Amino acid sequence: MTLLLAHLTDAHIGPLPRVLRRELMSKRITGYINFKVGRDRVHDMDVLARLVSDMLAHRPDHVAMTGDILNIGLQAEFPLARAWLETLGHPEQVSFAPGNHDAYIRSTLAHLMQTFAPYCRDDGAAENVRSHFPYVRVRQGVALIGLSTGVPTAPFIASGRLGKEQIAALAGALARAKEQGLARVIMMHHPPVKAAARGLTDVRAFEAVLRQHGADLVLHGHNHSASVHYLEGPKGQAIPFIGAPSASLVRGRFRAAYHLYRIAAKSDGSVEIHGHSRGLQAGTLEIGDLGAISIRK
């Protein structure tokens, strides 16, 4: 069996809806200023729409969207974010992992869990079950494991955190998927690299789980850039951590793109993964092929 998995991230849907003055009496004020002086000019919704059309034309079996659909967590942003997520496919075909902009301030967390619940549930979960993390979905021999690293932070801080409970549950999910002979793909927003103002604060605990239980691929966003890093897992297995650029960014070195992966779990227990990137062509606003993603075997 082979799964064709599409990965996109950091859509930052705009423009912002009307903002009430009282809504800016928090961290939102710095985010609002940042959006008005820069972000609204570098994230292009027309390019995002064409990128999604290009992705859907490849008929992926499943779509992983790893966070930052919102900008500053306004209540009015959530319906817009949900409407956009629905353009990617039915909740059974799309998995969502929240980012820091989706969990911008503490009062947004209830809206986050309610709005995106259908895209953050285990297989077979009832419709009235709220989203929880990690969740596990099995598609064509692949266990797709969704994590949430989005937590409210102080102004000018964009770090993420998993927390002890989620990390412990991840260990169990990885172990069960391994026992079932499934390939294991982790979907998360923050890159699992050393802790920093933009990093994952409990990255060492995350790494410890992967060194013990292994994984076949970790997909993330957040940095608005394409990247490939590795962690040594059990028996010297190289676990690739692959970041995708923002799906709507039109300026800078890494512009709007998405990734496609063909993932096959073999009968001998091995997993074969081939990655490819598509997005804005150099010097243009046209979407096309950007080449293979080199993944170390």
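Residues numbered from 1 in each chain as written. Predicted model: local features only at pLDDT ≥ 70, side-chain atom pairs only at ≥ 80, totals over all residues. Heavy atoms only, no water.

Caption draft 1: Spotlight on the nonpolar core. Among the nonpolar cores identified, the biggest contains 51 residues, and L8, I69, W84, L85, L88 and F116 are the most heavily contacted of them. Look past the residues within four positions of L88 in its chain and what remains in contact with it is L8, V52, M55, L56, V63, M65 and V94. Counting 20 residues, the second-largest nonpolar core is a separate cluster that includes L147, L174, V203 and V209. (Core = buried A, V, L, I, M, F, W, Y, C linked by side-chain atoms within 4.5 Å. Buried < 20%, exposed > 50% of the residue type's maximum accessible area, 1.4 Å probe, protein only. Contact = heavy atoms within 4.5 Å.)

Caption draft 2: Geometry of the sheet that holds strand β2 (residues 62–65). Read across the open sheet, the 6 strands follow the order β3-β2-β1-β10-β11-β12; overall the sheet is mixed. For this open sheet the edge positions go to β3 (94–96) and β12 (287–293), each flanked by a neighbour on one side alone. Within this sheet the neighbouring strands show an average axis-to-axis angle of 25°, counted without direction. As judged from the 6 bridges shared by strand β1 (residues 2–8) and strand β10 (residues 257–265), these two strands associate in the antiparallel manner. Within the sheet, the bridge partner assigned to A6 lies in β10 and is L260. (Pairing = 2+ DSSP bridges. Helix = DSSP H or I, 4+ residues; strand = E, 2+ residues; numbered from the N terminus. Axes fitted to C-alpha atoms, helices over the stretch in contact; angles between N-to-C directions.)

Caption draft 3: Main features of helix α3 (residues 77–86). Considered for burial, the residues of α3 that qualify are E77, F78, A81, W84 and L85. Around the axis of α3, the buried residues are gathered within 125° of arc, so they sit on the same side. (Arc of directions from axis to C-beta.)

Caption draft 4: Broad picture of the environment of K266. On the secondary structure map, K266 appears in the loop between β10 and β11 (271–280). Judged by relative accessible area, K266 falls into the partly exposed class, the value being 37%.

Caption draft 5: Structural context of the pairing of strand β6 (residues 183–187). Counting buried residues in β6 gives 5 out of 5 residues, a clear majority hidden from the surface. Going residue by residue along β6, you find A183, V185 and M187 tucked away on one face and R184 and I186 tucked away on the opposite face as well. With 5 bridges connecting them, strand β5 (residues 142–146) and β6 associate as parallel partners. Counted as the bridge partner of L144 is V185 from β6. Here β6 runs beside strand β7 (residues 217–220); their pairing, made up of 3 bridges, is parallel. Note that in β7 the partner of M187 across the bridge is L219.

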